[in-house]
Amino acid sequence: MDYSRLKNWHQMHKEAALYGRYINHGSITPLIKELPNEFTVEQLGVSVQKRPIEVVTWGEGSVKILAWSQMHGNESTTTKAVFDLFKWLHLNKNDNQVKQLHNSLSLKIVPMLNPDGAEVYTRINANKVDLNRDAQDRSQPESQILHNLYSEFKPDLCLNLHGQRTIFGVGNPAKSATVSFLSPSQDELRTVTQSRKKGMAIIANLAQMLEDFIPGQVGRYDDGFNLNCVGDTLQHLNIPTILFEAGHFKEDYDREETRAFMFLSLLGVLESVALQDWDKNPDYRPYFSIPENSKCFFDIIFRNLNYPNRGLFDLAVQYEEQLKNTAVHFVPKISQIADLECYFGHKEYNCKGSEAVFSSNFELKEGVILEEFKVKGDLSTTFSLKS
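This one's a predicted model, so the numbers in the text were calculated from it and none came from an experiment. (Residues numbered from 1 in each chain as written. Predicted model: local features only at pLDDT ≥ 70, side-chain atom pairs only at ≥ 80, totals over all residues. Heavy atoms only, no water.)

Colleague: Please clarify how the overall build of the chain should be interpreted in this entry.
Modeller: Looking only at helices and strands, the chain features nine helices and 18 strands. Since a compact globule built from 387 residues should have a radius of gyration of about 21 Å, the 22 Å found for the chain is in line with a globular shape. Across its three principal axes, the chain shows a C-alpha extent of roughly 70 × 45 × 45 Å. Each of the 387 residues in the chain was classed as buried or not, and the buried ones make up 55%. For the chain, restricting intrachain contacts to residue pairs at least 6 apart in sequence, the fraction spanning at least 24 positions comes to 75%. Of the roughly 17200 Å² that the chain leaves accessible, carbon and sulfur atoms contribute 44%. The distance from the centre of the 41 positive side-chain charges to the centre of the 49 negative ones in the chain is 1 Å. (Helix = DSSP H or I, 4+ residues; strand = E, 2+ residues; numbered from the N terminus. Rg over C-alpha atoms; globule rule 2.2 N^0.38 Å. Buried < 20%, exposed > 50% of the residue type's maximum accessible area, 1.4 Å probe, protein only. Contact = heavy atoms within 4.5 Å. Areas by Shrake-Rupley, 256 points an atom, 1.4 Å probe, with all protein chains shown as cover. Lys, Arg positive; Asp, Glu negative; His and termini not counted. Charge placed at Lys NZ, Arg CZ, Asp CG, Glu CD.)

Colleague: What's the story with unusual backbone geometry in this structure? I'm lost.
Modeller: Leaving glycine aside, a negative phi is the common case for residues, and trans is the common case for peptide bonds. Along the chain, Asn172 connects to Pro173 via a cis peptide bond; the corresponding omega equals 0°. We note that Arg190 has phi near 60°; this positive angle belongs to a residue other than glycine. On the secondary structure map, Arg190 appears in the loop between strand E8 (179-182) and helix H7 (194-210). Of the residues examined, Arg190 reaches a relative accessible area of 39% and is grouped as partly exposed. Of note, Lys352 is a non-glycine position whose phi angle comes to about 55°, a positive value. As for its placement among the helices and strands, Lys352 is situated in the loop between strand E15 (344-350) and strand E16 (355-357). Judged by its relative accessible area of 71%, Lys352 falls in the exposed class.

Colleague: Hey, could you run me through helix H9 (residues 256-275) in this one?
Modeller: Each full turn of the α-helix corresponds to 3.6 residues, which orients residues three or four apart in the same direction. Taking 1.5 Å as the rise per residue, H9 with 20 residues should run 28 Å; its terminal C-alpha atoms sit 28 Å apart, in good agreement. For H9, the buried fraction is high: 18 of the 20 residues fall into the buried class. (Expected span 1.5 Å × (residues − 1).)

Colleague: Would you mind going over helix H1 (residues 3-13) with me for this structure?
Modeller: All of the buried residues in H1 are Tyr3, Leu6, Lys7, Trp9 and His10. Around the axis of H1, the buried residues are gathered within 160° of arc, so they sit on the same side. Exposed positions of H1 whose direction lies more than 90 degrees from the buried face are Arg5, Gln11 and Met12. For H1, the N-terminal cap is Asp2; the gap from its side-chain oxygen to the backbone nitrogen of Ser4 is 3.3 Å. (Arc of directions from axis to C-beta. Polar contact = N/O pair within 3.5 Å; in protein donor to acceptor, adjacent residues only side chain to side chain.)

Colleague: Is there a simple way to explain empty space enclosed by the protein in this structure?
Modeller: Leftover empty space is mapped by rolling, across the atoms, a probe with the size of a water molecule. Per the counting criterion, the structure on display carries three cavities of 30 Å³ or more. In this structure, the largest cavity spans a volume of roughly 70 Å³. Contributing to the lining of the largest cavity are Met71, Leu131, Asp134, Ala135, Arg138, Ser143, Leu146, His147, Tyr150, Val230 and Thr233. Looking at the lining of the largest cavity, the elements that each hand over two or more residues are helix H6 (141-153) and helix H8 (230-236). (1 Å grid on protein atoms, 1.4 Å probe; cavity = no way out; pocket = protein on both sides within 12 Å on 5 of 7 lines; lining within 4 Å. Points joined across faces, edges and corners; volume = space filled by probe spheres on them.)

Colleague: Help me understand the sheet that holds strand E7 (residues 175-176) in this model?
Modeller: Sheets are built from strands that pair by backbone hydrogen bonding, the pairs being arranged parallel or antiparallel. A sheet is described by the order of its strands in space; here three strands give the open sequence E7-E6-E11, paired in antiparallel fashion. Taken across any chain shown, the strands that pair with only one partner, and hence form the sheet edges, are E7 and strand E11 (293-295). Summarising the sheet, strand E6 (residues 168-170) and E7 pair through two bridges and their orientation is antiparallel. Within the sheet, the bridge partner assigned to Val170 lies in E7 and is Lys175. (Pairing = 2+ DSSP bridges.)

Colleague: For this particular structure, what's the right way to read the layout of surface pockets?
Modeller: The computed volume of the largest pocket comes to approximately 830 Å³. Around the largest pocket, the lining comprises 39 residues; the ones closest to its centre are Glu75, Arg123, Gly163, Arg165 and Tyr221. For the lining of the largest pocket, the secondary-structure elements that each account for two or more residues are strand E5 (157-163), H8, strand E10 (241-246) and strand E13 (311-324). Of the residues assigned to the lining of the largest pocket, the class counts are 10 nonpolar, 15 polar and 14 charged. (Nonpolar A, V, L, I, M, F, W, Y, C, P; charged D, E, K, R; others polar.)

Have a look at this one:
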């Protein structure tokens, strides 16, 4: 596939009804109802608060792929990308490559597994359970729905679609981890099994493709084993699974640029599975050349500030995402006050020893909201941190 052309297509034709970080079930309901005839929709059940959970099916091939998005309700980027994929498949249904995909694959996608969490923009479900730690107990209706789906469908490959915070970087010196992948472990020893190799080979292809768009910004997620996680459980059952993590692109807090890379990655998986020998002696070794994620970023770092009785210090600000009136607001909070030489900021300011001036009732400590402050001296400016 010509991914540069696909990137341009996405810029012009992505699903316009979905934008930004707050995507709830009401956002996708009209799109699900309006899906063209080549898609079939089935309601699998309901969430704790009785919101429907649907699966969309496309394709008539023998290779079965299962994907699900918004298992964590506040991780919406891949949901947008899923509907972009649906639109692309429909508008290009007469293209020979799309016909080949249709004849090779049977694709099932759950666009929103945790609609209750999505409604209030939280990671957990309405019972305050992290569904990605409920794979063994299956204490929640959403977990049972997913378990029943993969048990009945018997997929050849699973795609676990998530989003990650702005704190993750990759490489040295670090760049923002805009996209990260993982072929999860299936035992405590993190054995490189045949099931893992299949996912690793696909991920290596995806990383190579994305390098043209976001060089040095593709990471490999930590593969520590936890059988309570869905991906680890599936891999433990010898079902190849790929974890997607949609991360931060420069000044892209709505995750619209990252959305495009998720769209390209979904297509990359379909191409790898349908058009290549993905499961026969897969070349998984390049997977280990992808650098691992590290927690090394803050949203903003002010370096070399001065303050009475404290001397020189660095100040890190991290945005806290809060839902207000159906919009996600980014509230700036002080995260660390220290020497942050080993950390990076998505924005950085060198204050060169200028004195920080806060409001009269402000207490300089970690965890407090910092919307604005001044510095005096050679720099002499006011920083506004409001989103």
